[in-house]
Amino acid sequence: MSKITRRGFLSGAVAAGAAAFIGPRTLLAATARVTKGTDLITLGKSGLKPTLLGLGTGTRGGSEQLAIGQTAFTKMVRHALDRGIRYIDTADRYQTHLFVRLALKGVPRERYFIQTKTPARHPEVAKADINRFRRELRVDYIDSLLMHCMTEGGWPTDMRPVMDELEKAKERGHVKAVGISCHGFPPLAAAVGCDWCDIQLARINPFGMHMDGKPDKVAAELKKMHAKGRGVIGMKIFGETGYDGPEKRLEALRYVLGLGCVDCFTIGFVSPNQIDETLGLIEKAAPASVGWLGTPRAGDAAA
């Protein structure tokens, strides 16, 4: 993105929090606060453990990452891994699967968590996508697979055939968790009542930039999802522009970390320096984000 190459930052999305239980009939909020972007978090009932900060590859539809070329992209991914980031977010529409595969060549599978997305609106297309994605990424399984860009409030009914196909992929072990990303408030609100979702990818920042509604309105829906044990992942944390400087980026991180309902987040990067800056800002933001200790989730109690 042009602003990012000029001002030094990119886009992304989504924030941190996890709840845990100890012993029978015990319901506890998380006992430790996130302090680093490389901290491992538990992604809701899925039990998956990405890092708080994820490396996004879809800034302006992936055009920013594609523009830097494979060599620079690989250098950036390896830098992220060296710093301790284990979460990589991609999608079929970004056209970055090959970039990701080559950047991860030789890296043990257990060292990274990978999330991708299918635009399929038919179950047979979804089935073919899953097999193709695994080939393109050279992985036996995908950690998190999302239905990409839901725009209608009726998606829980309209997309049921695709949802069933993704559920079959979970049963086969080809996918660990399933969910959606939304573009619009009606589909976001509809997600609250859809227990099929393991993962919710949502746009959230304090400035309402490239979001599905006003920040407080969106946050209220995310809190409902989080309380039900969903893994809530944030995107567009930096509004896809990086804002006008590190002060606003710090404000955005404090806001998202303080919500207590965003487990982790993905931010699009095009350089190692941007990764380093964000990791530093998270360490500044986390101590002030008292809300991160969170609220107990339904399902966190043992019977």
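Within any chain, residue numbers begin from 1 and follow the written order of that chain's sequence. Reporting in this predicted model follows two pLDDT cut-offs: at least 70 for local features of residues, and 80 or more for side-chain atom pairs to be given and counted; totals over whole chains, interfaces and linings ignore these cut-offs and use all residues. Each side-chain value is worked out from all heavy atoms of the structure, with water and hydrogens disregarded.

(A) Inspection of the state of the cysteines at higher detail. Pairs of cysteine sulfur atoms within 2.5 Å are identified as disulfides in what follows. Counted under the stated rule, the structure contains zero disulfides. Looking at the unpaired cysteine 182, the closest cysteine sulfur is the one in cysteine 197, lying at 7.6 Å. Not part of a disulfide, cysteine 194 finds its nearest cysteine sulfur in cysteine 197, a span of 4.5 Å.

(B) A look at the packing of aromatic side chains. Stacked, edge-to-face and tilted are the three classes for Phe, Tyr and Trp ring pairs, Trp counted by its six-membered ring, which pair at centre distances within 6.5 Å; planes under 30 degrees apart are stacked, over 60 edge-to-face, the rest tilted. The final tally for this structure, using the stated rule, is four aromatic pairs. Aromatic pair tyrosine 87 and phenylalanine 113: ring centres 5.2 Å apart, planes at 85°, arrangement edge-to-face. Placement of tyrosine 87 in strand β3 (residues 87-89) and of phenylalanine 113 in strand β4 (residues 113-118) is noted, with a sequence separation of 26 residues between them. Comparing tyrosine 87 with phenylalanine 113 shows no difference in burial state: the two are buried. When the centroid spacing of 4.8 Å and the interplanar angle of 75° are considered together, the rings of phenylalanine 207 and tyrosine 243 count as edge-to-face. One end of the pair, phenylalanine 207, is in the loop between β7 (199-203) and α8 (215-227); the other, tyrosine 243, is in the loop between β8 (231-235) and α9 (246-258), and 36 residues separate them in sequence. We count a charge as sitting over a ring when the NZ of a lysine or the CZ of an arginine lies within 6 Å of the ring centre and within 35 degrees of the ring normal. Above the ring of tyrosine 141, the side-chain terminus of arginine 109 is found at 4.1 Å from the ring centroid. Each helix corresponds to a stretch of at least 4 residues labelled H or I by DSSP, and each strand to a stretch of at least 2 residues labelled E; elements are numbered beginning at the N terminus. The buried label goes to any residue with under 20% of its type's maximum accessible area, the exposed label to any with over 50%, and the partly exposed label to all in between, with areas taken from a 1.4 Å probe on protein chains only.

(C) A look at the pattern of salt bridges. We define a salt bridge as a side-chain nitrogen of Lys or Arg found within 4 Å of a carboxyl oxygen belonging to Asp or Glu. The full count for this structure, using the stated rule, is 15 salt bridges. In this structure, aspartate 276 and arginine 83 form a salt bridge, with 2.7 Å as the shortest nitrogen-oxygen distance. Of this pair, aspartate 276 sits in helix α10 (residues 272-285) while arginine 83 sits in helix α2 (residues 63-83), and the two are 193 residues apart along the sequence. Given a relative accessible area of 37%, arginine 83 falls into the partly exposed group. Of the charged contacts, one joins aspartate 129 and arginine 132 as a salt bridge, the two residues approaching to 2.9 Å between their closest N and O atoms.

(D) Inspection of the nonpolar core at higher detail. Of all hydrophobic cores here, the largest spans 85 residues; its most connected members are Met147, Trp155, Leu222 and Phe265. Contacts: residue pairs with any heavy atoms within 4.5 Å of one another. Once residues lying within four places of it in the same chain are set aside, the contact partners of methionine 147 are Thr118, Trp155, Met159, Val162, Met163, Leu166, Gly179, Ile180, Ser181 and Trp196. Nine residue types can take part in a nonpolar core, namely buried Ala, Val, Leu, Ile, Met, Phe, Trp, Tyr and Cys, and a core is a set of them joined through side-chain atoms within 4.5 Å.

(E) A look at the packing of helix α4 (residues 123-137) against helix α6 (residues 160-172). It is at 8 Å that the axes of α4 and α6 come closest, and there the two elements cross at 30°. Comparing their axes, α6 and α4 come out roughly parallel. Crossing angle aside, the handedness with which α4 passes α6 is right-handed. Facing Pro123, Ala126, Lys127 and Ile130 of α4, the residues of α6 in contact are Pro161, Val162, Glu165, Leu166 and Ala169. Just so you know the grouping, Ala, Val, Leu, Ile, Met, Phe, Trp, Tyr, Cys and Pro go in nonpolar, Asp, Glu, Lys and Arg go in charged, and all remaining residues, Gly too, go in polar. Across the contact of α4 with α6, the residue classes break down as seven nonpolar, no polar and two charged. A fitted line through C-alpha atoms serves as each axis, taken over the contacting stretch for helices, and the angle formed by two N-to-C directions is quoted from 0 to 180°. When describing relative orientation, an angle under 35 degrees is termed roughly parallel and one over 145 degrees roughly antiparallel, while 65 to 115 degrees is termed roughly perpendicular and anything else oblique. Left-handed describes a crossing whose near helix is turned anticlockwise from the far helix by less than a right angle; the clockwise case is right-handed.

(F) Summary view of the environment of alanine 72. Within the secondary structure, alanine 72 sits in helix α2. You can call alanine 72 partly exposed: its relative accessible area is 33%. The sequence separation of alanine 72 and alanine 103 amounts to 31 residues, and the corresponding C-alpha distance is 9.6 Å.

The values are spatial; any link to function lies outside them.
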